[in-house]
Amino acid sequence: MTEPPSALRRHRPAPMVRTVLRRPAALVCLAYLALLVLASLAAPWLSPHGPTATDLDHVLTGPGAAHPLGTDNLGRDVLSRLMYGGRPSLTDAAVAASTVLVVGAGCGVTAGFLGGWFDRVFSWAVDVMLAIPVLVTLLVVLAVVGDHQVLAMAVLGVLVSPGVARVVRGATLAVRQELYVAAARVSGLGRRHILVRHVLPRVAGPVVVQVSLFAGGALMIDAGLSYLGFGADPPTPTWGNMIADAAAVTDRQPWLLAPPGVVLGLAILACGVLGDAVRDAGACRSTTATPPAPRSRPSRSRASRPRRGTSHPPVPASRTDSSPALLSIHDATVALPGPHGMTTVVEGVDLDIGRGETVGLVGESGCGKSVTGRAILGLLPGRGEITEGSIVFDGTELVGADPRTVRALRGRRIALVSQTPLTSLDPVIPVGGQIAELVRRHHGGTRRAARARAVELLGAVRVAEPEQVATRHVHELSGGMAQRAAIALALAGEPDLLIADEPTTALDAGVRAEVLDLLRQVQRERGLAVLLISHDWKVVSRMCRRTYVMYAGQVVESGPTADLLARPRHPYTAGLLASAPGRAAPREPLRAIPGTVPAPHEWPPGCHFAARCALATPACDAAAVPLLEPAPDRGTRCLRHTELGKGDDRDRATAVRS
């Protein structure tokens, strides 16, 4: 049964510009700033007099018919000088703000997004530059370059950039850690595309706020420098030297301070209010806009190329297939940075997945299952690295491969379905748009054809009314619909291997069964190989022909799922099975495994499970236990596996310490 869409869905957020313009204060500020810019540009045509024309019959007069804002101490028209003076003042502020935007915001976004050595060098440079006194340095620069006010304002922008860059870097780091950014990388999108499409829209608000606030400060600093005699030489008007001229005659005509002071003060205030409006609009964007009418379903003939599964029948999931494994992991060891330095979190993992086969990876949280999946995709967190072993996908060695080679496989040959689709989908872009961008990325084609293919993929994963769902954002979807959309997103590149990381954890029982049936159908129709990461034995038994059990970074047992469920050969596997609710005896409590998984830096030199195992002997603690083969196509890291193989379920459960 397919989950119907909600009848009362929320509307999509309004664009940022529209949200800002709905605020009266922001609209007034924008109108005022636009008026200043237009008046300055059109000063030769709109001003009643020239900026240096004198009227000696009217000196230090107040507002009147001939001079609407009065005249200064040389009889020059104040209104005309205000309009002409806006040109250098606004230009200088624009130069400083543009410098901050390019240098500060640009470096902050780049450092926050790229990380690594660039981020470390950036942080060091910011710390150094923040120790430089801005105004003192600016005065020194002016003393050297003279009256080059534009150059001085560019230097001001560079000096202020570190503070802005630090704020923008923090915002970018927060966005980069979002799961939907990681999902975009897994899907095969390039760094530039992710930065422009998924990161910049989320950090645009903080950038605009910082630049607008600095623009007001730049106007004040420019006026202050002109007041001190730097900048344009008289009689060229600027707002700053107009204030200086007015201050010299304030005892005879105090009105002369009002026009430039009010114009400048309101401009600074407008920049600040506009920045606040952008910040508030980003924090709570309107969700009351009327949704667009549902689009008609595009013609299927305009969609992209046929599915891979329709032209190549599924390969039987048999371990006796003579073809090489699609994915082969041999002795893989992964280390991640931590408080104790580089720490091994996955140790000596061997794992094979055949073409068209579904393989399970089972274990408690903290055993290394997800890290193993991310190692396949080359997306280890931090500065994590594969220190030993190999990962071969379809004949291509991924360990040590060129990053471009690995990026070319993501999404196109290897795809990921995460356990949290509501956070792995971009909240700003409609679901159909996200699928369409992957279709174009991996297969090309027009935007219209990509949108048609996105709707087709949503229909293929049993989404009701796919045309309407394609126009919705992730917050408008239920958990089941979001998971189906995530599966459609993973199928956009028509991959050969699908890594499903706890795909049903956050779903209720009914929706979980539907998603599992959908995964099984997709695997069967398209001939996909699936690596199913889970802690639920019921899910694994329904989906997987073979299963690997992980504990504390090691594969402790492997084999055909049915045989492993019936005859576990490791105490940890027996303990997991005994703690499964479906296998508990009536009126008896569940046999939970005592203790917890040890942290990677606390792993013992011998068997990692020895501290929780009732069968442990001194030999188990003496040295690392190799992967033994008690039967064909079975593996175990237990020295006493023969004792487990002979007992029944009740006897095996006692192998775990109570």
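Remember, predicted model here, so these are calculated numbers, not experimental data.

Trainee: Would you take a moment to explain the overall build of the protein chain for this structure?
Mentor: Across its full length, the protein chain holds 26 helices and 11 strands. With 658 residues in all, the protein chain has 48% of them scored as buried. On the protein chain, roughly 29900 Å² of surface is accessible, and the fraction owed to carbon and sulfur atoms is 60%.

Trainee: Looking at this structure, how should I read the nonpolar core?
Mentor: Where a protein is soluble and globular, its nonpolar side chains tend to be buried together. Judged by nonpolar contacts, the single largest core of 152 residues is most densely connected at Trp239, Ile435, Leu458, Leu497, Leu531 and Tyr572. For this core, the element with the highest residue contribution is helix H9 (residues 191-227), accounting for 11 residues. Excluding anything up to four places from it in sequence, Leu458 contacts Val431, Ile435, Val463, Pro466, Val469, Ala470, Ala485 and Ala488.

Trainee: Help me out: how do you make sense of the packing of helix H8 (residues 179-186) against H9 in this one?
Mentor: Relative placement of two packed helices is described by the angle separating their axes and the distance separating the axes. Remark: H8 packs on H9, axes separated minimally by 11 Å, with the N-to-C direction vectors making an angle of 175°. Taken together, the axis directions place H8 and H9 in an arrangement best described as roughly antiparallel. Mapping the contact onto sequence places Tyr180, Val181, Ala184 and Arg185 in H8 and Ile194, His198, Val199 and Arg202 in H9. Here the contact of H8 with H9 is composed, by residue class, of 5 nonpolar, 1 polar and 2 charged.

Trainee: Before we go on, may I ask you to explain the sheet that holds strand E8 (residues 529-534) in this structure?
Mentor: For sheets, the rule is that strands pair by backbone hydrogen bonds, running either parallel or antiparallel. Judged by pairing direction, the sheet is mixed, and its 7 strands sit side by side in the order E6-E7-E8-E3-E9-E10-E11 without closing on themselves. Two strands bound the open sheet, and with one partner strand each, they are strand E6 (414-417) and strand E11 (635-636). Note: strand E3 (residues 358-362) against strand E9 (residues 546-551), 4 bridges, orientation parallel. What sits directly across from Val359, in E9, is Arg546.

Trainee: Just to check I follow, could you spell out the packing of helix H7 (residues 149-176) against H9 for this structure?
Mentor: At a minimum axis separation of 9 Å, H7 and H9 run at an interaxial angle of 150°. When the axis of H7 is compared with that of H9, the two are roughly antiparallel. The chirality of how H7 crosses H9 is right-handed.

Trainee: Can you help me understand a positive patch on the surface in this one?
Mentor: Taken together, Arg185, Arg191, Arg374, Arg407 and Arg441 make up a surface patch of like positive charges. Summarising the element assignment, Arg374 is placed in helix H13 (residues 369-377).

Trainee: Mind showing me how you'd approach helix H23 (residues 571-578) here?
Mentor: Helical periodicity: at 3.6 residues per turn, an α-helix aligns residues three or four positions apart in one direction. In terms of residue burial, H23 counts as a mostly covered element, since 8 of its 8 residues are buried. Burial in H23 covers these residues: Pro571, Tyr572, Thr573, Ala574, Gly575, Leu576, Leu577 and Ala578.

Trainee: Just checking my understanding: could you explain helix H16 (residues 431-443) for this structure?
Mentor: The end-to-end C-alpha distance of H16 is 18 Å, a good match for the 18 Å that 13 residues give at a rise of 1.5 Å each. Looking only at H16, the buried set comprises Val431, Gly432, Gln434, Ile435, Ala436, Glu437, Leu438, Val439, His442 and His443. In this fold, the buried residues of H16 make contact with H9, helix H17 (447-460), helix H18 (466-469) and helix H19 (479-491). Looking one or two residues beyond H16, the residue adopting positive phi is Gly444, at roughly 70°.

Trainee: What should I look at first to understand the pattern of salt bridges in this one?
Mentor: Pairing of side chains with opposite charge becomes possible as their charged atoms draw close. Evaluated as defined, the whole model comprises 19 salt bridges. Asp127 serves as the salt-bridge partner of Arg166, at 2.5 Å between the closest nitrogen and oxygen. One end of the pair, Arg166, is in helix H7; the other, Asp127, is in helix H5 (residues 116-130), with 39 residues separating them in the sequence. A residue is classified by how much of its surface remains accessible, and Arg166, at 41% relative accessible area, is partly exposed. Since its relative accessible area comes to 45%, Asp127 is described here as partly exposed. The partner of Arg453 in a salt bridge is Glu494, with the nearest N and O atoms 3.4 Å apart. Of this pair, Arg453 sits in helix H17 while Glu494 sits in the loop between H19 and strand E7 (497-501), and the two are 41 residues apart along the sequence. Residue classification places Arg453 among the buried positions, given a relative accessible area of 1%. One continuous salt-bridge network, built from bridges that share partners, spans Asp72, Arg76, Arg81 and Asp245.

Trainee: Before we go on, may I ask you to explain the pairing of E8 in this structure?
Mentor: Along E8, 6 of the 6 residues are buried, which leaves the element largely enclosed by surrounding structure. Taken together, the 5 bridges between E3 and E8 define a ladder with parallel strand orientation. Looking at E8, one finds that Thr358 is bridged to Val530. Pairing between E7 and E8: 5 bridges, direction parallel. Paired with Leu498 across the bridge in E8 is Val530.

Trainee: Explain the packing of aromatic side chains here, please?
Mentor: Note on aromatic pairs: each is described by the distance of the centres and the angle between the planes. Scanning all chains against the criterion turns up 4 aromatic pairs. The interplanar angle of 50° and the centroid separation of 4.5 Å between the aromatic rings of Tyr551 and Tyr572 together place this pair among those described as tilted. Of this pair, Tyr551 sits in strand E9 while Tyr572 sits in helix H23; the two residues are 21 residues apart in sequence, bridging distant segments of the chain. A centroid spacing of 5.4 Å and a plane angle of 65° characterise the contact between Tyr572 and Phe609, whose relative ring orientation is edge-to-face. On the criterion of sequence distance, the pair formed by Tyr572 in helix H23 and Phe609 in the loop between H23 and helix H24 (618-622) is long-range, its members being 37 residues apart. Residue Phe609 is classed as buried on the basis of its relative accessible area of 1%.

Trainee: Any chance you could explain the side chain of His67 here in plain terms?
Mentor: Position of His67 relative to the elements: it lies in the loop between helix H3 (43-46) and helix H4 (78-114). Among the polar contacts made by the side chain of His67, one reaches the side chain of Asp77 at a distance of 2.9 Å. Non-local contacts of His67, meaning those with residues more than four positions away in its chain, are made with His49, Asp55, His58, Gly62 and Asp77.

Trainee: Help me out: how do you make sense of the confidence of the model for the protein chain in this one?
Mentor: The predicted coordinates of low-pLDDT regions are not to be read in fine detail. Looking at the protein chain as a whole, its pLDDT mean stands at 80, while 86% of the residues score no less than 70. When pLDDT is averaged over each element of the protein chain, E9 comes out on top at 93 and helix H12 (residues 308-311) at the bottom at 35. With pLDDT under 50 throughout, residues 1-14 is counted as low confidence; its partners more than four residues away or in other chains account for 45 contacts. Contacts of residues 284-323 to residues separated by more than four positions or lying in other chains number 74 contacts, the stretch itself having pLDDT below 50.

Trainee: Sorry, what's going on with the environment of Glu178 here?
Mentor: When you line up the elements, Glu178 lands in the loop between H7 and H8. Look at Glu178 and you get partly exposed, because its relative accessible area is 31%. Separated by 246 residues in sequence, Glu178 and Ser424 place their C-alpha atoms 7.4 Å apart.

Trainee: What is the right way to look at the state of the cysteines in this model?
Mentor: Working definition: the covalent bond between the sulfur atoms of two cysteines is a disulfide. The full count for this structure, using the stated rule, is 0 disulfides. Cys271 carries a free sulfur, and the closest cysteine sulfur to it, the one in Cys29, is 8.5 Å from it.

Trainee: Can you help me understand the sheet that holds strand E1 (residues 327-338) in this one?
Mentor: Read across the sheet, 4 strands follow the order E2-E1-E4-E5 without closing on themselves; strand pairing throughout is antiparallel. Because the sheet does not close on itself, it has two edges, and the strands there are strand E2 (341-353) and strand E5 (396-397). Sheet topology note: the strand E4 (residues 385-393)/E5 ladder contains 2 bridges and is antiparallel. Bridged to Val392 within E5 is Glu397. Of the strands in this sheet, E1, E2 and E4 are in contact with H13, which crosses E1 at around 105°.

The rules behind these values
Residues numbered from 1 in each chain as written. Predicted model: local features only at pLDDT ≥ 70, side-chain atom pairs only at ≥ 80, totals over all residues. Heavy atoms only, no water. Helix = DSSP H or I, 4+ residues; strand = E, 2+ residues; numbered from the N terminus. Buried < 20%, exposed > 50% of the residue type's maximum accessible area, 1.4 Å probe, protein only. Areas by Shrake-Rupley, 256 points an atom, 1.4 Å probe, with all protein chains shown as cover. Core = buried A, V, L, I, M, F, W, Y, C linked by side-chain atoms within 4.5 Å. Contact = heavy atoms within 4.5 Å. Axes fitted to C-alpha atoms, helices over the stretch in contact; angles between N-to-C directions. Parallel < 35°, antiparallel > 145°, perpendicular 65-115°, else oblique. Nonpolar A, V, L, I, M, F, W, Y, C, P; charged D, E, K, R; others polar. Pairing = 2+ DSSP bridges. Left-handed = near helix turned anticlockwise from the far one by under 90°. Patch = residues over 30% accessible without salt bridge, like charges linked within 9 Å, V, L, I, M, F, W, Y side chains within 5 Å. Salt bridge = Lys/Arg side-chain N within 4 Å of Asp/Glu carboxyl O. Lys, Arg positive; Asp, Glu negative; His and termini not counted. Charge placed at Lys NZ, Arg CZ, Asp CG, Glu CD. Expected span 1.5 Å × (residues − 1). Phe/Tyr/Trp six-rings, centres within 6.5 Å; stacked < 30°, edge-to-face > 60°. Polar contact = N/O pair within 3.5 Å; in protein donor to acceptor, adjacent residues only side chain to side chain. pLDDT = per-residue confidence, 0-100. Disulfide = S-S within 2.5 Å.

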